[in-house]
Amino acid sequence: MLHGRESEQREIDRLIAGARTGRSGVLLLRGEAGIGKTALLEYAAGRAADLPVLRVLASVSEARLPFAALHLLLRPALGHLDRLPAPQAAALKSALGLTSAAEHDKFLIGLAVLTLMSEFNAEGPLLCLIDDAQWLDEASAEALLFAARRFDAEGIVMLAAVRDGWQPLSTEGLPDLELRRLDDEAAGALLADRTDGLAPQVRQRVLAGAEGNPLALIELPKALTPEQRAGRLGPLLFDGGTVPPFNRVQSSFQARVRRLPESTQDLLRVAATDDTGDLGLVIRAADRLGCSALELGPAERSDLIHISEDRLVFRHPLIRAAIYQGATYAQRVATHLALAEVLEGSEHADRRAWHLAAAASGPDERVAAELERAALRARERQATAAASAAYERAAQLTGDERQRSRRLVAAAELAIPAGQLGRAYALGREAAALATDPADQAGLARVCAAVEFEQGSPQRAGRMLVEAATQMMVSDPDGAAFLLVGAVRYASFGGDSQLARDARAGLDRTALSATPRFRSLAGGMAAMADFFAGELDIDLTSIHEAVQAVSAPANRWEMRLLAASLSIVTGDNVSAEVLAASVVESCREHSMFGVLPHGLVLLAQAQLARGRHREALVSTDEACRIAQDIGQGHRVGHVRGVMAWLAAAAGDEARCQALARETIEYGRSRGIVTSQAMAFAALGLLHLGLGRPEAALGHLEDMACHPITALYYAADQVEAAVRADLLDRAKEPLTRLEEWSRHAGQTWLEAMAARCRALVSSGEEAERHYQAAMRLHGESDQPFEQARTALLYGEWLRRGRRRGQARVHLRAALAAFELLGAAPWAARARAELHASGEAPDEATGPEVGDTDPFSHLTPQEGQVVRLAAVGATSREIAAQLFLSPRTVEYHLYKAFPKLGVSSRAELADLGGAEKS
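Computed from a prediction, not measured in an experiment: that's the story for all the values here.

Colleague: Account for the packing of aromatic side chains, with residues named and values stated.
Modeller: Taken as a whole, this structure holds 14 aromatic pairs when the rule is applied. Ring geometry for phenylalanine 784 versus phenylalanine 817: centroids 6.0 Å apart, planes at 70°, classification edge-to-face. Taken as a pair, phenylalanine 784 in helix H41 (residues 783-799) and phenylalanine 817 in helix H42 (residues 803-820) lie far apart in primary sequence, 33 residues in all. Given the relative accessible area of 2%, phenylalanine 784 is considered buried. Note on phenylalanine 817: relative accessible area 0%, which makes it buried. Within the aromatic cluster, the residues linked to one another by ring pairs are Trp645, Tyr713, Phe784, Phe817 and Trp825.

Laid out in structure tokens, this is it:
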């Protein structure tokens, strides 16, 4: 019976009941040590006694060993690895040390965890219990958080007990429950239930000293002598004044250990230091200290440990902590060395290295080299946090300053993808005082700029790259050019024209001695820098050459992403979409999930520009979810701006306003003008579609803070100015658009420029431009913009009393808007048709979405259906979309009635409609 935990028990019962009906759930149980978290996990295990259970007790001694906790947790399920897709199985085997192969993405490992849990009990619910989660090694924690955020329809319940104050990784979005201390009534009931023979005054002292902490109520009486229990001596041993109750409990554990024979204390110290629970290993190490297995008896009889077969388990984690913290420095060193001696073989190399490091008191190159090898192994498994920690400790044990600098820089660079930006900065500062090698200095520049970009401002980040590149231009011109490419990108993010000019000057210098490919890249980025610095006459020829230099499929993903970005600047959205799609495909194939959000954002921008709104919505939804998972805040902000634009096109005013507001606030607080500009473009489109041209114009003029965004939506700005009868304010965006169109040579841009020229013209000249725009749209593939041109032309014809001709264009516009789900634009086309004299029944087609069954699907249902329609299995779909196979089946189950189909075979017939 758990006293005072009725509401917590009800919540656990609800989660388990949900799992029995196929719904997954997660709950973090938070609270101080001894507050009852473990007891609630035991309660859950009892309530789910008929279910399979995966459980682990994390330990502080293994907190730096990558995937140690995950291995213990998943051990009962490893027999099901053959059910996983081959890349996932290989990644998880590598992470758990079951194969020598190296996998290179932690998110593929997280996906494998999700799939394995789903497959472990494929036909029913599963309970996953994690105790002392504050001691999870970071690699295990990342994999489990990745899986937990994607739980849906698997029937999995994950409960994790976490001590107060622990937040090494973001658990945003996961429900938690804070455990409070027991009230007087519950505390008294618990004490009476678990302890007898206390004198009344002693009972009151125990209640007062425990302060409602359940473990303290149970353990404090055990530290009392018979005389103290009877109340004949005082003061009580645990009378600690303001000392927290769990500290008093720990002191009571230490007092109980000190009563044991010294040899038993030595043996317990080995067990507490090793912390794996491997009885044989503990006994072999204890033998080095002159202890035997027989001396465990007193500890068992004192109820401090439990031994079963080959496992040694402390009855409570605080006992282990009390033993280790109560040891002297010399005792800890001797214990670590004893464990290092018996940890033989390659499978124990990492643990041996860390025990040797714990015993080292000064520089020791032999131990530092072992730690560096452990870091390399962790890096191969994509356990970046563990690799960084190993490099850092290796640096601390390194006497040679050059070697120490190299190891500190490696630790700092690995801390960035691990999400430890503050630590990366501190390591970088330490390395900065030692770094003389150009490679180390370049690494430091990347670290400092990355930290500044994520936590400070892109302008300062870019300035750091420019300064570092200046020092490298002679020794490594290609490396300097690449740093300056980053500086131009940061100038774009931050709207810093001076930074762009300075980066441009550096690119000119590196181009003189760089290799041909980097010379072309430098020329293209120099042209970009000119554009960001305010030059209207953009040198698209140099940018085209840069695209050609870096867009080959054989190039690394960084180069192809850069080529996609540059293609967007040149207006070549077809190439941008192809390039971004190739990077996304590579990310999926090679499990580069940290790069995937960037690729998806570029893909969404190209899809949006080409009028593929549904595909763009799917891409942004996925990009946002993954970017949130891996802490790419700036990417999330930009994605939300794109999502706001899509909401505006659909006429979802509340969603558009909310997303735009979040995006603008985020951008302003961090100096990110790209996000702000996209949000202003979204608000402009929203108000334009809803017939509020003055409001639209204000927002669209605000987007001038980012020149590329201002180019892409210059046509909206011209239309808003004309409809607001403010023709003077249409001149500048029209000039900008026509200049871009002239240099780019893209048909769709020529169509947009012709449409805008028609808007500011009259009579035959206006008609000539409208007709040119319609002809050019017919040669390109932009359904949304083509429909808008048809709408404007139809409106112009109706006002000229040419109603029959007007209806032809207005009907085409209405059909396109309905297919795209552009509700406000469809409503406007209907109103114009009605005004042209078309009967209401004729002018009013089906509501937007009625002609397109896919419009009723959620973005994730749309992704699942699209893949299923081309024959992908549930496992294949799950691997691509980072879901479990059972969740894929659930989405298909929900989607089939919406689509009017009953099987996968029927989905193929809908494929053509979905692509439109």
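This is not the end of the story, as more comes after the structure.
Colleague: Help me get a handle on the environment of glutamate 309, residues and values and all.
Modeller: Structurally, glutamate 309 can be placed in the loop between strand S6 (305-308) and strand S7 (311-314). For the pair glutamate 309 and valine 583, spaced 274 residues apart in the sequence, the C-alpha separation amounts to 52 Å.

Colleague: For the nonpolar core, give the residues involved together with the corresponding values.
Modeller: Among the nonpolar cores identified, the biggest contains 231 residues, and Leu70, Leu74, Leu92, Met117, Trp645 and Phe817 are the most heavily contacted of them. Beyond its immediate chain neighbours, meaning those up to four positions away, tryptophan 645 contacts Leu608, His613, Met678, Ala681, Ala682, Leu685, Tyr713 and Phe784. If you look at the next biggest cluster of nonpolar residues, it comprises 46 residues, including Leu281, Leu312, Leu318 and Ala338.

Colleague: Describe the pattern of salt bridges, and please don't skip the residues or the numbers.
Modeller: Under the criterion given, the structure shown has 54 salt bridges. For arginine 723, the salt bridge identified is with glutamate 795, shortest N-O distance 3.5 Å. Of this pair, arginine 723 sits in helix H37 (residues 714-723) while glutamate 795 is found in helix H41, placing the two residues 72 residues apart along the sequence. Arginine 723 sits in the partly exposed class, given a relative accessible area of 38%. Of the residues examined, glutamate 795 reaches a relative accessible area of 3% and is grouped as buried. By sharing partners, the salt bridges in this structure join Asp716, Glu719, Arg723, Arg755, Glu785, Arg788, Glu795 and Arg828 into a single network.

Colleague: Tell me about the pairing of strand S3 (residues 126-131), and please be specific about residues and values.
Modeller: Along S3, six of the six residues are buried, which leaves the element largely enclosed by surrounding structure. Taking every second residue as pointing to the same face, both faces of S3 are buried, with Leu126, Cys128 and Ile130 on one and Leu127, Leu129 and Asp131 on the other. Both strand S2 (residues 53-57) and S3 contribute to a ladder of five bridges, which runs parallel. Note on S3: the bridge partner recorded for arginine 55 is leucine 129.

Colleague: Outline the packing of helix H26 (residues 516-532) against helix H27 (residues 540-550), supporting the account with residue identities and numerical values.
Modeller: It is the contact of H26 with H27, at a shortest axis distance of 7 Å, that shows an interaxial angle of 140°. Classified by the angle their axes make, H26 and H27 are oblique. By crossing handedness, the relation of H26 to H27 is classed as left-handed. Contacts from Arg517, Ser520, Leu521, Gly523, Gly524, Ala527 and Met528 in H26 reach Ser542, Ile543, Glu545, Ala546, Ala549 and Val550 in H27.

Colleague: Could you give an account of the sheet that holds strand S4 (residues 156-163), with specific residues and numbers?
Modeller: Sheet strands pair via backbone hydrogen bonds, and the direction of the pair is either parallel or antiparallel. Strand order in the open sheet made by the five strands is S2-S3-S4-S1-S5, with parallel pairing throughout. Strands at the two margins of the open sheet, each flanked by one partner only, are S2 and strand S5 (176-178). Taking the axes of each pair of neighbouring strands and ignoring which way they run, one obtains an average angle of 15° across the sheet. Alignment of S3 against S4, held across five bridges, turns out to be parallel. Paired with leucine 129 across the two strands is leucine 159, which belongs to S4. Sitting on the sheet, helix H1 (residues 6-20) touches strand S1 (25-31), S4 and S5, and the angle it makes with S4 is about 150°.

Colleague: Help me get a handle on the packing of helix H39 (residues 747-759) against H41, residues and values and all.
Modeller: One way to put it is that H39 packs onto H41 with a least axis distance of 11 Å and a crossing angle of 20°. Classified by the angle their axes make, H39 and H41 are roughly parallel. Crossing geometry of H39 relative to H41 is assigned as left-handed. Of the residues in H41, those touching H39 at Met752, Arg755 and Leu759 are Glu785, Arg788, Thr789 and Leu792. Looking at the contact of H39 with H41, its residues break down into three nonpolar, one polar and three charged.

What counts, and where the lines are drawn
Residues numbered from 1 in each chain as written. Predicted model: local features only at pLDDT ≥ 70, side-chain atom pairs only at ≥ 80, totals over all residues. Heavy atoms only, no water. Phe/Tyr/Trp six-rings, centres within 6.5 Å; stacked < 30°, edge-to-face > 60°. Helix = DSSP H or I, 4+ residues; strand = E, 2+ residues; numbered from the N terminus. Buried < 20%, exposed > 50% of the residue type's maximum accessible area, 1.4 Å probe, protein only. Core = buried A, V, L, I, M, F, W, Y, C linked by side-chain atoms within 4.5 Å. Contact = heavy atoms within 4.5 Å. Salt bridge = Lys/Arg side-chain N within 4 Å of Asp/Glu carboxyl O. Pairing = 2+ DSSP bridges. Axes fitted to C-alpha atoms, helices over the stretch in contact; angles between N-to-C directions. Parallel < 35°, antiparallel > 145°, perpendicular 65-115°, else oblique. Left-handed = near helix turned anticlockwise from the far one by under 90°. Nonpolar A, V, L, I, M, F, W, Y, C, P; charged D, E, K, R; others polar.

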